[in-house]
Amino acid sequence: MLVVEAKFDGEQLATDPVDHTDQPEFATELAWEIDRKALHQHRLQRTPIKLQCFALDPLSSAKETIGYIVLDLRTAQETKQAPKWYQLLSNKYTKFKSEIQISIALETDTKAPADSFKAKGAPPRDGKVPASLSGLDPKDIVAVLNEEEGYHQIGPAEYCTDSFIMSVTIAFATQLEQLIPCTMKLPERQPEFFFYYTLLGNDVTNEPFNDLINPNFEPERASVRIRSSVEILRIYLALQSKLQIHLCCGDQSLGSTEIPLSGLLKKGSAEINHRPVTVEGAFTLDPPNRAKQKLAPIPVELAPTVGVSVALQREGIDAQSLIDLKTQNEYEPEHSKKRVLTPIKEKTPTVPKSPSVSPAPPHNPSPPTKDDATESEVESLQYDKDTKPNPKAMNSVPALAQPVTTSNVSEATSGQKIAVPAASHHFCFSIDLRSVHDLEVSFPVNCILRYSYPFFGSAAPIMTNPPVEVRKNMEVFLPQSYCAFDFATMPHQLQDTFLRIPLLVELWHKDKMSKDLLLGIARIQLSNILSSEKTRFLGANGEQCWRQTYSDSVPVIAAQGSNNRIVDLSYTVTLEDYGLVKMREIFVSESSQGLSALPQKPSSLPPALCTSEIQTEPRETLEYKAALELEMWKEMQEDIFENQLKQKELAHMQALAEEWKKRDRERESLVKKKVAEYTILEGKLQKTLIDLEKREQQLASADSELQREKKELQSERERNLQELQDSIRRAKEDCVHQVELERLKIKQLEEDKHRLQQKLNEAENKYKNLEKEFQHFKDQQSNKPEIRLQSEINLLTLEKVELERKLESATKSKLHYKQQWGRALKELARLKQREQESQMARLKKQQEELEQMRLRYLAAEEKDTVKTEQQELLDIRNELNRLRQQDQKQYQDSREIASGKMDSPHGKGLEEGLDVYLTRLIEERDTLMRTGVYNHEDRIISELDRQIREVLAKNNASNE
């Protein structure tokens, strides 16, 4: 069985055991839960993730190491990365190249608290795409990190033709204490505050600071290298239009601000082609959920602000200072901090502290170039130091590697302290760029060489000076090309840095008439010196030291276009190890100097002669002098001790005074904040009281208005009641008058009714008389003989018409039945003849096929196969004979049915069987046709149709 164990952040996880095969499939996800602050610390410390592969014995539970893999945490990104194959180190199976496919990624926990301050992506906007990019969807324009080339690609690769540098600088902050609500509890220990933002998917934080009232942090710039075009970048900035910056304490956001990015690239503007475009200023920080908390507005002079500058420039354009720092008037920072999120080599105005290199000019007009040595944003943190080197500190340790903290030592400063851990070694690394030769370009080059290696303690570029002219087929030695670096670091860290980061040497063509041109870059692998031979030598103090020297020639590859060689560079590097650096602290003061001088004072007194003849006084004896000197030394020690105590007391008092002043300032700031809040609340209360007084006056006036309206309504009600009573009285009088009129009308109508009733009775009597006269006339007419005969003729005519109609329909039916019967007999005969012909043709065709098959198999197969096929043919022939007999029998049965030879009871039973058989055949045919697989031309359907026709023919014959 195979199992993989992973260890990170003090926690070890393991996969499920799988079978030990040549291609095992683990399909397991190992996850660690960690907050962003801890993740940032792990990235700064370069904490690795170690995966060990074991072979597990299921019976004895014994584990055998197969190999291990070390993953770099800095390669993990929030965007989903494709899995990669990692080779096992210290592989047990040396004959095979064992690899494991691993995908490492960062995922945001969906169960994060509701007050998470991570900036959310802006909703997609429907930006107008230019005509040249009409086939591009704005939603597909995202930033993708290219780790190999060291840049972020925005947009499709065919459109990404230009290189840009985008940088964000956080310079200063003021009035940050206004963001701390009175109800918020800060950590008991000294809280740390920092600014946080996300730049193209990279989480960036500045160095933490502790004082909100006077925030003292160094200006920091984070830069990313972008590969895109101006139009696509304008669309992307229109979609991602805001950059959110949060002030955080731990995992809580105290306030945030938004910097608009859409103004960097304005439509129709070509400013970026000539100079960097910037968005800068002091932006107000707003506490989270201000609307929900219903916080009072803060005056402008007390509003918390942060100074931010966002710059975008084409790669190759020199960027000047982009923001006016407030802290510039208070102090000159010894070093400003830069953070590079993608590999960019920044220009710094410093020079290395080397005794043999002429200082470079503070403003280098050469453009910055890509630095492939930087692997991630944390690794490329650089510190820029003062531009004026201290000549007295040239021989001191200028810088240390990351785990070591040091400061420059000046001989003229008293009380200075140097602290170096004992585990560090003192190294001296020297580089001598000797010559360039074998030039491949067609024009002469006025060249200078330029390089920088921050690990040696300085990020300032080192350059040869003055420029030298190089032509074809000549070797030119470079002036002032030697530089030595003294630094202290761990040996394993030195080896790791040399293995990972090569030294990049840039070849520049310097021209007085035009701008400097970068021709190419040479990569010097510093790890080669580690494998060279060591030689022993003695140091200045007689200690044993080691020296390693390596010389080689490397090609300078063209920086643009194809990777062609331009020239060869010969160099020599030397690494000297002076051994361990001892931990010590040195304090220099007048009292200690005097103290140290006492024991070093030599005794010039000769030894006393102890003889009985010479008498000496007690004060002149050595014992007395020794006692006197001891007492004087004690008094001096007491004075020194008292002076030290006084100095310590003074230092403590100064510290207490500073702390008291700091606390006093904090209390004063809090009091000012409270006073401002109370002033605002007092204003609100005054406003509320005025509003209440106005409201009370409004209520009083509304009450009087209500009483007035009530009186008006009462009088209106009485008036309406009086009018209603008058209207009721008038209505009653009108009703009485209408009743009288209706009574008169009714009386008149009754009289009209009586008159009309009399007329109606007279009309009825007249009608009865006329009816009697008509009946009498009718009786007289019916007694005549002509009338009776005419009625009988009419009846007989109707009967005749009905009988003729029936006769005609019967004749037509008889004729139709005769035609149908004749047609059925003809169709039956034709079907019989066709079936017989088709049956004979089918039999003949089958016989021909069988004959051909027999001949073919007889010619092709051997005797045993022939016998088998003959047997099969015999079976087929028997089957055909049987089918032929069945057909003949069916034909005879049909003929017997047609001739009527069968007797009546047997015919009836056969007729019933034929009906059942016919029904079954029709159902089978319909079932097969409904499946959709068969049609009328298929053989089985044709056969079923034939059998149906035969059964129909038999049935018709039996009926006849």
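Residues numbered from 1 in each chain as written. Predicted model: local features only at pLDDT ≥ 70, side-chain atom pairs only at ≥ 80, totals over all residues. Heavy atoms only, no water.

Caption draft 1: Looking closely at the overall build of the protein chain. Secondary structure assignment for the protein chain yields ten helices and 30 strands. The buried share of the protein chain, reckoned over its 960 residues, is 31%. Partitioning the contacts of the protein chain with sequence separation of at least 6, the portion at a separation of at least 24 is 68%. Approximately 64,100 Å² of the protein chain is accessible, and the part contributed by carbon and sulfur atoms is 53%. (Helix = DSSP H or I, 4+ residues; strand = E, 2+ residues; numbered from the N terminus. Buried < 20%, exposed > 50% of the residue type's maximum accessible area, 1.4 Å probe, protein only. Contact = heavy atoms within 4.5 Å. Areas by Shrake-Rupley, 256 points an atom, 1.4 Å probe, with all protein chains shown as cover.)

Caption draft 2: Representation of the sheet that holds strand β2 (residues 11–14). As summarised here, the arrangement of the four strands in space is β2-β1-β3-β4, forming an open sheet in which the pairing is antiparallel. On the outer flanks of this sheet lie β2 and β4 (63–72), each paired with one strand and no other. With strand direction ignored, the average angle separating the axes of adjacent strands in the sheet is 20 degrees. The pairing of strand β1 (residues 2–8) with β2 spans four bridges and is classified as antiparallel. Bridge pairing links F8 to E11 in β2. (Pairing = 2+ DSSP bridges. Axes fitted to C-alpha atoms, helices over the stretch in contact; angles between N-to-C directions.)

Caption draft 3: Up close: the confidence of the model for the protein chain. Predicted confidence across the protein chain gives a mean pLDDT of 76, with 76% of residues reaching 70 or more. Across residues 112–127, where pLDDT falls below 50, the model places 22 contacts with residues more than four positions away in sequence or in other chains. Contacts of residues 318–420 to residues separated by more than four positions or lying in other chains number 244 contacts, the stretch itself having pLDDT below 50. (pLDDT = per-residue confidence, 0-100.)

Caption draft 4: Here's a closer look at the nonpolar core. Grouped together as the largest cluster of nonpolar side chains are 48 residues, with contacts concentrated most on F195 and L312. Elements with a contribution of two residues or more to this core: β9 (162–174), β10 (193–199), β12 (220–228), α2 (230–239), β13 (242–249), β14 (252–260), β15 (277–284) and β16 (305–314). Broken down by element, this core gets its largest block of residues, seven residues, from α2. Not counting the four nearest positions on each side in its chain, L312 is found in contact with F164, I165, M166, L233, L237, L264, L265, I272, P276 and V277. Counting 42 residues, the second largest nonpolar core, distinct from the first, contains C447, V476, L494 and L503. (Core = buried A, V, L, I, M, F, W, Y, C linked by side-chain atoms within 4.5 Å.)

Caption draft 5: Representation of the side chain of S532 within the structure. Residue position: S532 is located in the loop between β27 (517–524) and β28 (534–538). Residue S532 is classed as buried on the basis of its relative accessible area of 16%. Residues within four places of S532 in sequence aside, it is in contact with Q548 and T549.

Caption draft 6: Quick peek at the side chain of S570. The residue S570 is located in strand β30 (residues 565–580) in this model. The class for S570 is buried, based on a relative accessible area of 14%. Side-chain polar atoms of S570 contact the side chain of H437, separated by 3.0 Å. Setting aside chain neighbours within four positions, we find S570 in contact with D432, L433, R434, S435, H437, D552 and S553. (Polar contact = N/O pair within 3.5 Å; in protein donor to acceptor, adjacent residues only side chain to side chain.)

Caption draft 7: Structural view of the sheet that holds β14. Ordered by their spatial adjacency, four strands build an open sheet running β11-β10-β13-β14, and the pairing between neighbours is antiparallel. The sheet is open, and its two edges are formed by β11 (202–205) and β14, each paired on a single side. Strand after strand, the sheet turns through a mean of 25 degrees between neighbouring axes, direction not considered.

Caption draft 8: Layout of the pattern of salt bridges. For the structure shown, the criterion picks out 36 salt bridges. Between K242 and E258 there is a salt bridge, with the nearest N and O atoms lying 3.2 Å from each other. Of this pair, K242 sits in strand β13 while E258 sits in strand β14, placing them 16 residues apart in sequence. When its relative accessible area of 51% is taken as the criterion, K242 is described as exposed. A salt bridge links R830 to E827, with the shortest nitrogen-to-oxygen separation between them at 2.3 Å. With R830 and E827 both in helix α7 (residues 785–860), this residue pair falls three residues apart, about one helical turn. Salt bridges here are not isolated pairs; linked through shared partners, they connect E835, E943, R946, R949 and E950. (Salt bridge = Lys/Arg side-chain N within 4 Å of Asp/Glu carboxyl O.)

Caption draft 9: How the structure looks around a nonpolar patch on the surface. A cluster of nonpolar side chains, namely Y624, L628 and M632, defines an oily patch on the protein surface of about 280 Å² accessible area. With respect to the secondary-structure elements, M632 resides in helix α6 (residues 622–782). On the accessibility criterion, M632 (51% relative accessible area) is exposed. (Patch = residues over 30% accessible without salt bridge, like charges linked within 9 Å, V, L, I, M, F, W, Y side chains within 5 Å.)

Caption draft 10: Broad picture of the environment of D140. Structurally, D140 can be placed in the loop between β6 (99–102) and β7 (143–146). What makes D140 exposed here is its relative accessible area of 53%. Between the C-alpha atoms of D140 and G155, which are 15 residues apart in sequence, the distance is 7.4 Å.

Caption draft 11: Structural detail: a negative patch on the surface. A grouping of E631, E635, E638, D639 and E642 is seen on the molecular surface, where their side chains present a negatively charged patch. Secondary-structure assignment places D639 in helix α6. (Lys, Arg positive; Asp, Glu negative; His and termini not counted. Charge placed at Lys NZ, Arg CZ, Asp CG, Glu CD.)

Caption draft 12: The arrangement of unusual backbone geometry in detail. Here the residue pair N465 and P466 is connected by a cis peptide bond, since its omega of 0 degrees sits within 30 degrees of zero. Inspection of the secondary structure assignment puts P466 in the loop between β22 (458–463) and β23 (468–470). Not every positive phi belongs to a glycine, and Q175 is a case in point at roughly 55 degrees. Mapped onto the secondary structure, Q175 falls in the loop between β9 and β10. Exposure remark for Q175: the relative accessible area of 25% places this residue in the partly exposed category. Of note in this structure, Q480 is not a glycine but carries a positive phi near 50 degrees. Under the relative-accessibility criterion, Q480 is labelled partly exposed at 40%.

Caption draft 13: Examining the packing of aromatic side chains more closely. Under the counting rule described, the total for this entry stands at 16 aromatic pairs. A centroid spacing of 4.9 Å and a plane angle of 25 degrees characterise the contact between F456 and F485, whose relative ring orientation is stacked. Remark: F485 occurs in strand β25 (residues 482–489) and F456 occurs in the loop between β21 (445–453) and β22; sequence separation between them is 29 residues. When the ring of F456 is compared with that of F498, the centres are 6.3 Å apart and the planes differ by 90 degrees; the resulting orientation is edge-to-face. Pair noted here: F456 is in the loop between β21 and β22 and F498 is in helix α4 (residues 491–500), with a separation of 42 residues, a long-range link. Each member of the pair F456 and F498 is classed as buried. Of the aromatic side chains, those joined through ring pairs into one cluster are F427, F429, Y453, F455, F456, F485, F487 and F498. Against the face of W660 rests R667, its NZ or CZ located 4.6 Å from the ring centre. (Phe/Tyr/Trp six-rings, centres within 6.5 Å; stacked < 30°, edge-to-face > 60°. Lys NZ or Arg CZ within 6 Å of the ring centre and 35° of its normal.)

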